[in-house]
Every structure is written in C-alpha cells, then in structure tokens.
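# Breakdown of the fold
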Amino acid sequence: SSELTQSPSVSVSPGQTASITCSGDRLADKYLSWYHQRPGQSPILVIYQNYKRPSGIPARFSVSKSGNTATLTVRGTLTTDEGFYYCQAWDTNTVLFGGGTELTVL
Amino acid sequence: EVRLVESGGASIQPGGSLRLSCAASGFTFSAYNMNWVRQAPGKGLEWIAYINSDSDTIYYADSVKGRFTVSRDNAFNSVYLQMTGLRAEDTAIYYCVRDPSSLVIAINFDYWGQGALVTVSS
C-alpha cells in the first residue's frame, strides 16, 4: 500500500520560514490535510483539501504541491508553532498519515 | 462548542477485550462521519476505523481488521470501538475524531477528543 513520507525534523529561528515536506505515490491526485500536535495535546487541523485553512488558522500557514510532493510552509514562525506536523490523505479504503515532522523554533 | 469525549480506556491483559465510547455534543452528530485514530507512546498517528453518518460504510486499518468493530448510535450521539484480541502493540491513546467531508477521498479530521489511554500488558 501507499505511504506518506516526511522528513523527521526541521529547526528554525523565531520569525523565519519553516518548510515541511510530505511525499507519496500519486500525491498530486490526492486531497491532503495537515495537522499540528503540541506535546501532550490532541492534534489540530491546520490545512485541509490541499490548501484550505480552517477558521482560526492564520495565513502564515500555506501549502504548495508539485508532482508527488507537498510542502507546508510556516512563515514568521512563533514558539507556539513548535511540535509535530503530520500530513494525511485517503488511499483505497484506508487513511494514510505521514510519520510526522518535528518543528523546533529556537 | 463541538466536544468529543472518549471514555473506557483501561489497562488490560493481552487477549482481553475493551469497549471505548465517544460522546459527541455541540453539532448534529447524525450528519457527520466519525473515525478512531490512535497514537502509540512516542509514535505518530495511526488511523484505525471509519464509520459514515448512517453506518452503512465502514473501513478498518489492516492492523485491527477482524479484531476491532466500530459502531455508532445517532440517537445517543455516540460512537464506539469494540476491541478484542488485544495485543501489546495496541497500547496507545485512542482519539475519537470528526470528519466533515462529503467525499471520503477528501477525508479530514477537524475535531479531536482528548483521547483515551489503552494499555495492554501482562
């Protein structure tokens, strides 16, 4: 079955731009969502249907897709943006999650 | 306010059974598809089950197929996860999750419960 692959970690300084990638077979044909999970908390949806932001998610969060890779970009990073980010998609009767990328802001 | 509250988490021996419940409030429960997602200690997210709004479409992850059963009762605004044949690798926090999409290919999870801890150990 398909998999979603994410780089394990990204580190940026406050105010900089963080880029988190997610790759997988036929990703260009899939609807992709992204979640942010802070330590000890439940995940929060930050992007759905490839590019849409739920209410309350700032425009600092955006996504681009090229071929079988999607990139979540976080501009003007804050310390509250730290944590794990997961990409997610549907694939033939199953839901795929990427392995997660740990974003450190220091 | 949308709320999803899981209950039923416990410590249990391998081979045992357990039933998780999720009580939903703050939205029209019968209009939404629901899912269970779990997270083993220190690990990533793993989707395990989907049930659509009227219970006629259900999917399971291969890792739990044949052992876990998802169900819902729209009259009680609740979704359930019956777990049997539990294994050490089923140890995880189990999240009840709402899916607002109208197409399963666009599935996403907009509200998550706080999670219920299931520990499988002898």
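Presented here is an overview of the structure given in this document. (Residues numbered from 1 in each chain as written. Chains lettered and ligands numbered in written order. Predicted model: local features only at pLDDT ≥ 70, side-chain atom pairs only at ≥ 80, totals over all residues. Heavy atoms only, no water.)

## Digging into the pattern of salt bridges
Residue and element names in this part refer to chain A. Under the counting rule described, the total for this entry stands at eight salt bridges over all chains. Across the salt bridge formed by R26 and D91, the nearest N and O atoms sit 3.2 Å from each other. One end of the pair, R26, is in the loop between β3 (18-23) and β4 (32-37); the other, D91, is in the loop between β8 (83-90) and β9 (95-97), and 65 residues separate them in sequence. When its relative accessible area of 7% is taken as the criterion, D91 is described as buried. One salt bridge in this structure joins D81 and R60, with 2.8 Å as the shortest N-O distance. Of this pair, D81 sits in the loop between β7 (69-74) and β8 while R60 is found in the loop between β5 (44-47) and β6 (61-66), placing the two residues 21 residues apart along the sequence. (Salt bridge = Lys/Arg side-chain N within 4 Å of Asp/Glu carboxyl O. Helix = DSSP H or I, 4+ residues; strand = E, 2+ residues; numbered from the N terminus. Buried < 20%, exposed > 50% of the residue type's maximum accessible area, 1.4 Å probe, protein only.)

## Here we look at the sheet that holds strand β1 (residues 3-7) of chain B
All names here are of chain B. In space, the four strands of this open sheet follow the order β1-β3-β8-β7, with antiparallel pairing throughout. Both outer strands of the open sheet, β1 and β7 (68-73), are each paired with one neighbouring strand and no more. Averaged over all adjacent pairs, the angle separating strand axes in this sheet is 15 degrees, with direction ignored. (Pairing = 2+ DSSP bridges. Axes fitted to C-alpha atoms, helices over the stretch in contact; angles between N-to-C directions.)

## Digging into unusual backbone geometry
Residues and elements named next belong to chain A. One non-glycine residue, R26, lies in the positive phi region at around 55 degrees. In this structure R26 comes out as partly exposed when scored by relative accessible area, which is 45%. Even without a glycine there, the phi angle at Q49 is positive, about 45 degrees.

## Here we look at the packing of aromatic side chains
How two aromatic rings sit relative to each other is given by the distance of their centres and the angle of their planes. Taken as a whole and judged by the stated rule, the model has 13 aromatic pairs over all chains. Ring centres of F27(B) and F29(B) lie 6.2 Å apart, and the angle between their planes is 55 degrees; on these two criteria the pair is classed as tilted. We note that F27(B), like F29(B), is buried. Counting every residue linked through ring pairs, the aromatic cluster contains Y35(A), F97(A), Y95(B), F109(B) and W112(B). Sitting over the face of the ring of F27(B), R98(B) holds its NZ or CZ atom 4.7 Å from the ring centroid. (Phe/Tyr/Trp six-rings, centres within 6.5 Å; stacked < 30°, edge-to-face > 60°. Lys NZ or Arg CZ within 6 Å of the ring centre and 35° of its normal.)

## Focus: the state of the cysteines
The tally for this structure, following the rule as stated, stands at two disulfides over all chains. In this model, C22(A) is linked to C87(A) through a disulfide, with the two sulfur atoms separated by 2.1 Å. Judged by the sign of its S-S torsion, about 75 degrees, the cystine formed by C22(A) and C87(A) is right-handed. Here the residue C22(A) occupies a position in strand β3, and C87(A) occupies one in strand β8, the gap between them amounting to 65 residues. The exposure class assigned to C22(A) is buried, which follows from its relative accessible area of 0%. When its relative accessible area of 0% is taken as the criterion, C87(A) is described as buried. Bridging C22(B) to C96(B), the disulfide has an S-S length of 2.1 Å. (Disulfide = S-S within 2.5 Å.)

These results come straight from atomic positions and should not be treated as a statement about function.
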